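Report on the structure
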Amino acid sequence: MAEFHNCTFPDASSLGRFFFGNGAQNHMAKKKKFVSARQIKVETVGTLSEKIARAKTIAFTDYRGLTVNQISQLRNKVKEAGGEILVTKNSLIKRALQNNKMESTGEDLEGPTAAVFAYDDEISPVKVIAESAIILSLPKFKFGFFGKDKLDVSALEELAKIPSKDQLQAKF
C-alpha cells in the first residue's frame, strides 16, 4: 500500500494510474527497445533489395543542386508515373545491388545518389527524370538497370526517348 496526499493506493501501478491515467500500466511496463545502427542498415538493405527485385527499370541520378521543393515535386511526378524515388547511402545501395546479383563499381556510386525505381511502366519514371533534366539541367543520370542489364548514361537517355507504354498502346 502506498500513501500520497492522504490517498491510499494498493500498489505502485495504482499510484501510476493516479498520475498518468489508465495508460500508466503500459507506460510503466514497456521499456524502449534499443535499435542499433547496424540493425537499421540491415533492414534498409533488405527493403532496398526488395525494391530492386520488384523494379523493371532502375536509374541512379545525381540530385546535387536540386532544392527540397524540386525533389518533392519530382517525387510526386515519378509516383504518378508508377515509380518511386529513394535517397539513401551509397554503401547500402551497393549492398542491395550485390544481393540482387547486379554489378556496380565504386565510381558509379559517388556523391549524392537518388535511386529511381520503375515498377509498372519501364519507361515513364525514367522519362520524368529526363524531362526534368532538360528543363533544370538536373538531376543527372549516373547509370541504371533495365531488368538485369546495366545501362550507362547514354542508354538511359535513349530509353527516356522511347514512348511510354500508354502511348504505344494508344497507337494500336
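Residues numbered from 1 in each chain as written. Predicted model: local features only at pLDDT ≥ 70, side-chain atom pairs only at ≥ 80, totals over all residues. Heavy atoms only, no water.

**Description of a nonpolar patch on the surface**
- A grouping of Ile134, Ile135 and Leu136 is seen on the molecular surface, where their side chains present a nonpolar patch of about 350 Å² in accessible area.
- With respect to the helices and strands, the residue Ile135 is situated in helix α6 (residues 124-136). (Patch = residues over 30% accessible without salt bridge, like charges linked within 9 Å, V, L, I, M, F, W, Y side chains within 5 Å. Areas by Shrake-Rupley, 256 points an atom, 1.4 Å probe, with all protein chains shown as cover. Salt bridge = Lys/Arg side-chain N within 4 Å of Asp/Glu carboxyl O. Helix = DSSP H or I, 4+ residues; strand = E, 2+ residues; numbered from the N terminus.)

**Let's talk about the packing of aromatic side chains**
- Under the defined criterion, the tally for this structure stands at three aromatic pairs.
- A centroid spacing of 4.7 Å and a plane angle of 20° characterise the contact between Phe60 and Phe143, whose relative ring orientation is stacked. Placement of Phe60 in strand β3 (residues 57-62) and of Phe143 in strand β6 (residues 140-146) is noted, with a sequence separation of 83 residues between them.
- The exposure class of Phe143 is buried, given its relative accessible area of 2%.
- On the basis of an interplanar angle of 5° and a centroid distance of 6.2 Å, the ring pair of Phe117 and Tyr119 is categorised as stacked. The same class applies to Phe117 as to Tyr119, namely buried.
- The ring of Tyr119 has Arg54 sitting right over it, with the charged end atom 3.8 Å from the ring centre.
- Its guanidinium or amino end placed over the ring of Phe143, Lys150 lies 5.1 Å from that ring's centre, counting from NZ or CZ. (Phe/Tyr/Trp six-rings, centres within 6.5 Å; stacked < 30°, edge-to-face > 60°. Buried < 20%, exposed > 50% of the residue type's maximum accessible area, 1.4 Å probe, protein only. Lys NZ or Arg CZ within 6 Å of the ring centre and 35° of its normal.)

**Things to note about the packing of helix α4 (residues 68-80) against α6**
- Packing of α4 against α6 brings their axes to within 9 Å, and their N-to-C directions diverge by 145°. For the element pair α4 and α6, the recorded crossing hand is right-handed. Mapping the contact onto sequence places Gln70, Leu74, Lys77 and Val78 in α4 and Pro125, Val128, Ile129, Ser132 and Leu136 in α6.
- Of the residues contributing to the contact of α4 with α6, the split by class is six nonpolar, two polar and one charged. (Axes fitted to C-alpha atoms, helices over the stretch in contact; angles between N-to-C directions. Left-handed = near helix turned anticlockwise from the far one by under 90°. Contact = heavy atoms within 4.5 Å. Nonpolar A, V, L, I, M, F, W, Y, C, P; charged D, E, K, R; others polar.)

**Section: empty space enclosed by the protein**
- Evaluated as defined, the whole model comprises one cavity of 30 Å³ or more.
- The volume enclosed by the largest cavity comes to roughly 60 Å³.
- Thr61, Tyr63, Leu66, Ile71, Leu74, Ile85, Val87, Ala114, Ile129 and Pro139 together form the lining of the largest cavity.
- Listed by contribution, the elements that provide at least two residues to the lining of the largest cavity are α4 and β4 (83-87).
- Class assignment for the residues of the lining of the largest cavity results in nine nonpolar, one polar and no charged. (1 Å grid on protein atoms, 1.4 Å probe; cavity = no way out; pocket = protein on both sides within 12 Å on 5 of 7 lines; lining within 4 Å. Points joined across faces, edges and corners; volume = space filled by probe spheres on them.)

**Points about the pattern of salt bridges**
- Counted by the stated rule, this structure contains four salt bridges.
- Arg64 serves as the salt-bridge partner of Asp62, at 3.2 Å between the closest nitrogen and oxygen.

Remember that the coordinates give geometry; whether it matters functionally is a separate question.
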